[in-house]
Amino acid sequence: MNVSHPNKAHNSYVKRLIYLLAGGCLLLLGMDLFHPPHSPLQHSSPHAPVTGIYLLISGVGLLIILPLSRLLGWLLRRREEFYDR
Amino acid sequence: MIADPVATLGLVPPGLILIGSGLVLFFLPSRVRSLIVVVLPLLLLVQLVLMGQGEHNTLTLSWLNQTLTLLRPSATGKLFATVFLFALWAGGLFALKTAHRGELAAAFIYAGGSIGICLCGDWITLFGFWEVMALASTFIIWNGQQGDSRRAGMRYLLVHLAGGVLLLTGIAGLAISGEIAEGGLTFAHLTPDSLHYWLILAGILVNAGAPPLSFWIADAYPQASPSGMVFLSAFTTKTAVFVLITAFAGEVLLIPIGLYMAFYGIVYALLESDVRRILAYSIVNQVGFMVTAIGIGTTTALHGATTHAVAHILYKMVLLMGAGSVLLATGHSQAAKLGRLWRSMPWTTGCVLIGAAASMGVPWTSSFVTKSLILQDAAESHNTMVWLLLTLCSAAVVFNAGIRFPWLTFFQLDRPAPQPLEAEQGQNQEQDNKQTSGDPRGWSRIAITAAAALCLLVGWFPQLLYAQLGAAGLYHPYTWPHIIEQLQILLPAMLLFFLSLRWFQPQRGLLLDTDWLFRSALYNLWLWFSHVLKNRFQVFIRFLFNSQIRSFNFLFRHYGPRGILARSWPTGSIALWVAIILASYVVLYSVQ
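Residues numbered from 1 in each chain as written. Chains lettered and ligands numbered in written order. Predicted model: local features only at pLDDT ≥ 70, side-chain atom pairs only at ≥ 80, totals over all residues. Heavy atoms only, no water.

Trainee: Lay out the overall build of chain A in plain terms, naming residues and giving numbers.
Mentor: When its secondary structure is counted, chain A shows three helices and one strand. For chain A, the succession of helices and strands along the chain, N to C, is α-α-α-β. Carbon and sulfur atoms form 68% of the exposed surface of chain A, whose accessible area is close to 5600 Å². (Helix = DSSP H or I, 4+ residues; strand = E, 2+ residues; numbered from the N terminus. Areas by Shrake-Rupley, 256 points an atom, 1.4 Å probe, with all protein chains shown as cover.)

Trainee: Give me the lowdown on the overall build of chain B, citing residues and values where you can.
Mentor: Counting secondary structure elements, chain B contains 23 helices and three strands. Over its C-alpha atoms chain B spans a radius of gyration of 33 Å, topping by over 25% the 25 Å that the globule rule assigns to 592 residues. Projected onto its principal axes, the C-alpha positions of chain B cover 125 × 65 × 55 Å. Evaluated residue by residue, chain B yields a buried proportion of 57% over its 592 residues. Put simply, of all contacts in chain B between residues at least 6 apart along the chain, 79% involve residues at least 24 apart. Taken as a whole, chain B presents about 25100 Å² of accessible surface, with 68% of it coming from carbon and sulfur. Taking the 32 positively charged and 24 negatively charged side chains of chain B as two groups, their mean positions are separated by 17 Å. (Rg over C-alpha atoms; globule rule 2.2 N^0.38 Å. Buried < 20%, exposed > 50% of the residue type's maximum accessible area, 1.4 Å probe, protein only. Contact = heavy atoms within 4.5 Å. Lys, Arg positive; Asp, Glu negative; His and termini not counted. Charge placed at Lys NZ, Arg CZ, Asp CG, Glu CD.)

Trainee: Which residues make up the domain arrangement of chain B, and what are the values?
Mentor: When cut into domains, chain B gives domain 1 (249-421 + 433-513) and domain 2 (520-591). Here domain 1 of chain B and domain 2 of chain B have C-alpha centroids that lie 78 Å from each other. (Domains from an automatic or database assignment.)

Trainee: A description of the interface of chain B and chain A should follow, citing residues and the corresponding values.
Mentor: With 51 residues of chain B in contact, the opposing surface of chain A contributes 46 residues. Both faces combined, the contact of chain B with chain A buries some 4700 Å², and carbon together with sulfur accounts for 74% of it. Per-residue buried area on chain B facing chain A is highest for Gln488, Leu510 and Leu512 of chain B; these three make up 14% of the total on that side. Where chain B touches chain A, the interface holds eleven residue pairs in polar contact (both at pLDDT 80 or more). Of all the secondary-structure elements, those providing two or more residues to the side of chain B that touches chain A are helix H10 (254-271), helix H15 (384-396), helix H16 (404-411), helix H21 (480-499), strand S3 (510-511) and helix H22 (515-559) of chain B. For the side of chain B that touches chain A, the element with the most residues is H21 of chain B, which contributes 14 residues. Within the side of chain B that touches chain A, the residues separate by chemical class into 35 nonpolar, eight polar and eight charged. (Buried area = accessible area lost by both parts, 1.4 Å probe. Polar contact = N/O pair within 3.5 Å; in protein donor to acceptor, adjacent residues only side chain to side chain. Nonpolar A, V, L, I, M, F, W, Y, C, P; charged D, E, K, R; others polar.)

Trainee: Describe H16 of chain B, and please don't skip the residues or the numbers.
Mentor: With respect to burial, H16 of chain B is a largely interior element, eight of its eight residues being buried. The set of residues buried in H16 of chain B consists of Arg404, Phe405, Pro406, Trp407, Leu408, Thr409, Phe410 and Phe411 of chain B.

Trainee: Give a description of the packing of helix H7 (residues 195-208) of chain B against helix H9 (residues 226-247) of chain B that names residues and reports values.
Mentor: Residues and elements named next belong to chain B. It is the contact of H7 with H9, at a shortest axis distance of 7 Å, that shows an interaxial angle of 145°. Here H7 runs over H9; the crossing is left-handed. Here Leu201, Ile204, Leu205, Asn207 and Ala208 of H7 come into contact with H9, specifically with Thr236, Thr237, Ala240, Val243 and Leu244. Its residues assigned to classes, the contact of H7 with H9 comprises seven nonpolar, three polar and no charged. (Axes fitted to C-alpha atoms, helices over the stretch in contact; angles between N-to-C directions. Left-handed = near helix turned anticlockwise from the far one by under 90°.)

Trainee: How would you explain the pairing of strand S1 (residues 59-63) of chain B if you had to name every residue and give the values?
Mentor: Residue and element names in this part refer to chain B. Note: S1 against strand S2 (residues 66-71), five bridges, orientation antiparallel. Across the sheet, residue Leu61 finds its bridge partner in S2, namely Leu68. Where S1 folds back onto S2 in an antiparallel hairpin, the turn is made up of two residues, including Leu64, whose phi is positive at roughly 50°. (Pairing = 2+ DSSP bridges.)

Here's what the structure looks like:
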């Protein structure tokens with residue numbers, strides 16, 4: 001693979017990071033089997049999942065925030081000279 | 001008049017010393033100024049460490065029938081003052097070679113105001129230091145010499161003067177309501193039973209960056225110089241946090257305000273493409289955590305807010321010194337023009353990575369041992385929704401100061417590395433590599449390294465920090481479940497960050513904020529109103545003028561040279577008119 005081109009190097013680098021992080025998430029999920037996590041959600045709802053609860057909160061929460069942020073960006077972005085008119 | 005000069009001989013307020021030295025710093029020669037910048041904060045740090053607490057260590061002053069308590073240190077106040085002195089020292093070192101002497105002088109006065117507030121004991125003294133801070137910080141912004149520094153500084157000043165008016169009105173209300181203790185208007189916890197409570201709270205929240213005025217941080221701070229923003233990030237918002245901890249702990253209204261600030265900072269930082277503005281929004285985000293903790297109001301939550309303020313000052317200094325070094329080296333802060341700088345600035349990259357890890361709360365860094373107190377207390381006090389939202393915000397820090405800032409600045413590989421500033425101006429390339437394209441040198445390098453080292457020190461030895469609040473041994477952040485939970489929060493966020501890289505590429509343009517209301521909506525409303533007023537005034541003036549013209553014409557018509565009353569009449573006509581008048585008189589007289 002020719003990594004001298006910036007975009008190719010970038011993509012290869014990012015892909016490796018993604019695989020590494022995905023592996024890390026799986027490893028942490030596995031650790032929940034040995035150290036069951038404790039969260040306040042278990043007090044308020046007995047049906048709340050235990051294994052992977054923190055991964056779930058982080059992942060699902062961000063999947064809600066990210067599109068909403070992008071929508072807000074689309075609504076709120078203006079030209080740099082907006083206030084100079 | 002000093003109440004007991006002998007007993008208070010060693011209790012000269014550090015805030016006043018800094019304000020006094022700031023006033024003379026401007027006029028001193030360069031070498032003496034450098035000496036003061038390097039040595040004085042360290043001497044005051046020693047004074048602060050040796051200073052006792054409580055009623056026996058107060059310094060009072062009588063003024064206009066009021067007792068002003070210039071010095072009454074508490075454990076929390078001393079901790080804030082200590083970290084402020086470190087921020088002044090490190091910021092001063094970073095600024096020494098690049099900043100204008102006016103900026104250094106203003107920074108000393110600004111820090112003096114903040115430290116004065118942390119150690120004072122009454123509301124009137126607090127207000128005095130509060131306004132000193134507002135003016136000095138405005139001068140730092142004006143010293144920035146960026147494109148919009150003047151106007152941003154003016155907007156900043158207007159916001160803070162408005163906050164100061166609210167605060168002063170509240171303090172006046174406090175004085176009138178008769179809640180004056182024996183020692184004057186004591187700076188202590190307030191009870192929410194009157195209007196002045198809400199006025200003081202509103203005045204303090206303006207400085208904390210609370211809604212609807214959260215915009216001023218991202219509007220004004222990036223307009224300061226690279227070193228100026230380091231000073232600004234440390235003092236104003238954290239001083240407000242200290243005042244909230246002291247006077248408004250447990251105020252439930254602060255919980256939604258803090259949560260709003262936390263999410264506001266995340267969303268705007270995510271959409272921003274200027275790295276210094278990303279860090280400015282990140283300040284709002286982290287202050288949101290502290291404000292929420294103050295709203296919860298338990299001892300653990302307040303310890304969390306205090307220690308997290310300390311941690312935040314340290315790691316945000318590292319990040320801003322990193323961003324400032326990049327700005328000085330390349331002349332750019334727009335993410336679209338940055339990237340791949342880790343090769344040319346390895347030391348800065350290393351320090352920034354430590355600061356970024358601390359901002360995310362990676363285990364063995366400062367934020368891990370401070371933010372966890374807030375989250376733990378939200379969970380234990382059965383604020384499940386607050387805990388859930390704060391946990392989500394902890395994960396989302398990856399998308400601003402945590403990974404996004406270092407990635408955009410030092411690592412994004414899909415764009416060419418920026419040219420050094422002086423290379424762009426056509427100077428010698430070899431000299432550029434030695435002087436401007438690389439890491440900061442000398443005092444600047446010591447400053448960023450010291451701040452990064454403290455981020456690690458607090459993370460490795462959290463009990464040192466807890467002990468400053470008398471809470472050594474109360475909290476144990478390093479348990480396996482806690483470490484695993486924290487990594488479970490951060491790793492999916494990092495994964496999503498790299499998966500969504502294409503979504504959040506740097507874009508040109510500005511983001512509308514609530515400042516649109518002041519800068520556009522109210523401004524246009526004022527233009528419309530003045531236009532209408534001007535038109536109405538012109539109509540009124542025209543009416544007056546036309547009325548005068550008509551009156552004059554009427555008079556002229558009757559009394560002018562050709563007017564009916566100015567004509568020369570024939571004798572016959574006059575005799576006829578006299579006869580008619582006499583006849584009328586006779587008829588009227590006979591009828592009567």
